[in-house]
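Per-entry structural report
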Amino acid sequence: MMLRPIILSLASVLPALAGTWARADTYALDPQHTEVRFTWDHLGLSRQGGRFTMAEGTVMFDPAKPDTSTVDVRIPVKGISTGVKKL
């Protein structure tokens, strides 16, 4: 019986939030929490990997028109890190 008050509360809040969810919005990628990783095959013996330490960009998402949504990401090559000095 405890679920009924929770369900009623959600039912009254969700319509108000739906308007917020339905609008287009642009989000900036947080460089501190964004990571771009890559791997490659090393002569079929092992997989090597690396990452780019710098990435920035935006994501524009429109739930009403998802086909118009965009992703714009810039990854500077100078931010590459493989853990192998020669590379």
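The rules behind these values
- Numbering of residues starts from 1 in each chain and follows the order in which that chain's sequence is written.
- Where totals are concerned, whole chains, interfaces and linings use all residues; where local detail is concerned, this predicted model gives features only for residues with pLDDT of at least 70, and gives and counts side-chain atom pairs only at 80 or more.
- Calculation of side-chain values draws on the structure's entire complement of heavy atoms; hydrogens and water are dropped beforehand.
- Note: two strands are recorded as paired if DSSP finds a minimum of 2 bridges between them.
- Per the convention used, a helix needs a DSSP run of H or I reaching at least four residues, while a strand needs a run of E reaching at least two, with both numbered from the N terminus.
- Axes, fitted as lines to C-alpha atoms, cover a helix only where it is in contact. Angles between the N-to-C directions of the axes lie from 0 to 180 degrees.
- Exposed residues in this analysis have more than 50% of their type's maximum accessible area, buried residues have under 20%, and partly exposed residues fall in between, with area computed by a 1.4 Å probe over protein chains only.
- Charge assignment in this entry is limited to Lys and Arg as positive and Asp and Glu as negative, and neither His nor the chain termini are counted.
- Here, a salt bridge means any Lys or Arg side-chain nitrogen found within 4 Å of an Asp or Glu carboxyl oxygen.
- Here a polar contact is recorded for every N or O atom pair within 3.5 Å, except that within protein the pair must consist of a potential hydrogen donor and a potential acceptor, and residues adjacent in sequence are included only if both atoms are side-chain atoms.
- Patches here: salt-bridge-free residues with over 30% relative accessible area, like charges joined within 9 Å, nonpolar side chains (Val, Leu, Ile, Met, Phe, Trp, Tyr) joined within 5 Å.
- Only the protein chains shown count as cover for residues, with accessible areas throughout obtained via the Shrake-Rupley method and a probe of 1.4 Å.
- Pairing of aromatic rings covers Phe, Tyr and Trp, the last through its six-membered ring, and needs centres within 6.5 Å; plane angles under 30 degrees mean stacked, over 60 mean edge-to-face, and all others mean tilted.

1. A look at the sheet that holds strand β1 (residues 25-28)
One open sheet holds the 3 strands; their spatial order is β1-β4-β5, and the pairing between them is antiparallel. If you trace the sheet from one side to the other, it starts and ends with β1 and β5 (70-74), each paired once. In this sheet, neighbouring strand axes are inclined to one another by 10° on average, regardless of whether the strands run parallel or antiparallel. Bridge count for β1 against strand β4 (residues 56-61) is 4 bridges, and the pairing is antiparallel. Within β4, the residue paired with Ala28 across the bridge is Thr58.

2. Digging into the side chain of Asp62
Structurally, Asp62 can be placed in the loop between β4 and β5. Of the side chains with opposite charge, Lys65 lies nearest to the buried Asp62, which makes no salt bridge, at 4.6 Å. Within the structure, the side chain of Asp62 is placed 3.0 Å from the backbone nitrogen of Ala64, a separation counted as a polar contact.

3. Focus on the pairing of strand β3 (residues 46-52)
Two faces make up the sheet, and in a regular strand the side chains alternate between them. Examined bridge by bridge, strand β2 (residues 36-42) and β3 share 7 bridges and lie antiparallel to one another. Paired with Asp41 across the bridge in β3 is Arg47. Linking β2 to β3, which pair antiparallel, is a turn of 3 residues; within it Leu43 sits at a positive phi near 55°. Note that β3 and strand β6 (residues 80-81) share 2 bridges and pair antiparallel. Paired with Phe52 across the bridge in β6 is Ile80.

4. A word on a nonpolar patch on the surface
A surface patch of nonpolar side chains, amounting to about 250 Å² of accessible area, comprises Val71, Val73 and Ile75. Looking at the element boundaries, Val73 is found in strand β5.

5. What to know about the sheet that holds β2
One open sheet accounts for 3 strands, arranged β2-β3-β6; its pairing is antiparallel. The sheet is open, and its two borders are formed by β2 and β6, each paired with just one other strand.

6. A few points about the packing of aromatic side chains
For the structure shown, the criterion picks out 2 aromatic pairs. For the ring pair Phe38 and Trp40, a centre distance of 5.8 Å and an interplane angle of 20° mean the geometry is stacked. Considering the side-chain rings of Phe38 and Phe52, the 5.4 Å spacing of their centres and the 45° angle between planes classify their relative orientation as tilted. In this pair, Phe38 sits in strand β2 while Phe52 sits in strand β3, placing the two residues 14 residues apart along the sequence. Taken together through their ring pairs, the aromatic side chains of Phe38, Trp40 and Phe52 make up a single cluster.

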